[in-house]
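Topology and contacts: notes
Listed below are the residues making up each chain.
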Amino acid sequence: SMHKYLGKVAKQYGLELKAREWGEMEEPSTNAEDGATFYVTHLREPVDRAISHFKYQGRWNCHDLVFHQNNKGWEPTIENAKNLETWNQTGGHKPIQCKHKRSKGTYFFLSTCAVNCYTQWFSGLSCPNWKVPVDQQYQVAKSRVLKYNLIV
């Protein structure tokens, strides 16, 4: 994985690797130590990511899939699968409820996203209750992601 590779590179050169995965993204130039920080992000092809996310989290409840052997009588089947057509909300089959909290307030959690995920993640404007237009989210996300030193 990219994380393992960067860890090896950091170790080889005596650097410290700090990783932030799945939670809120850190905007380059907002950290007091930015003079010594090299920002890297890895972006998966968005359509492939969305289909994979549906395949592993959208068709059936993730908890049911992991623990279905304990759930007597339940097996994942076509009949009890959810439809891709309803996987069109910010949180998959329903809007994100903005329930993830940090000391700064509400933040976006990438693994709960199904629509415009990278735009929401990089912009930090993901809560549907805020009613921020997607084109504005896109502009903010673009300006932030272009501050990264390396995009893979």
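Described below are features of the structure shown in this document. (Residues numbered from 1 in each chain as written. Predicted model: local features only at pLDDT ≥ 70, side-chain atom pairs only at ≥ 80, totals over all residues. Heavy atoms only, no water.)

Regarding the side chain of S123
- Inspection of the secondary structure assignment puts S123 in helix α4 (residues 117-123).
- Note on S123: relative accessible area 1%, which makes it buried.
- A polar atom in the side chain of S123 sits 2.9 Å from the backbone oxygen of T119.
- Each residue touching S123, except ones within four places of it in the same chain, is listed here: Q137, V140, A141 and R144. (Helix = DSSP H or I, 4+ residues; strand = E, 2+ residues; numbered from the N terminus. Buried < 20%, exposed > 50% of the residue type's maximum accessible area, 1.4 Å probe, protein only. Polar contact = N/O pair within 3.5 Å; in protein donor to acceptor, adjacent residues only side chain to side chain. Contact = heavy atoms within 4.5 Å.)

Side note on the packing of aromatic side chains
- Taken as a whole and judged by the stated rule, the model has 3 aromatic pairs.
- Judged by centre distance (5.6 Å) and plane angle (65 degrees), the rings of F54 and W87 are edge-to-face. Of the two residues, F54 is situated in helix α2 (residues 46-58) and W87 in the loop between α3 (62-67) and β2 (101-102); the sequence distance between them amounts to 33 residues.
- Between the aromatic rings of F122 and Y148, the centroid separation amounts to 5.8 Å while the plane-to-plane angle is 90 degrees, which identifies the pairing as edge-to-face. One end of the pair, F122, is in helix α4; the other, Y148, is in the loop between α5 (134-145) and β4 (150-151), and 26 residues separate them in sequence. As far as burial versus exposure is concerned, F122 and Y148 are alike and both buried.
- Of the aromatic side chains, those joined through ring pairs into one cluster are Y39, F122 and Y148. (Phe/Tyr/Trp six-rings, centres within 6.5 Å; stacked < 30°, edge-to-face > 60°.)

Focus: the nonpolar core
- Judged by nonpolar contacts, M25, Y39, L110, C113, C117, Y118, W121, F122, A141, V145 and Y148 together constitute the single largest core of 11 residues.
- Mapped by element, the contributors of at least two residues to this core are α4 and α5.
- If you tally residues by element for this core, the top one is α4, at 4 residues. (Core = buried A, V, L, I, M, F, W, Y, C linked by side-chain atoms within 4.5 Å.)

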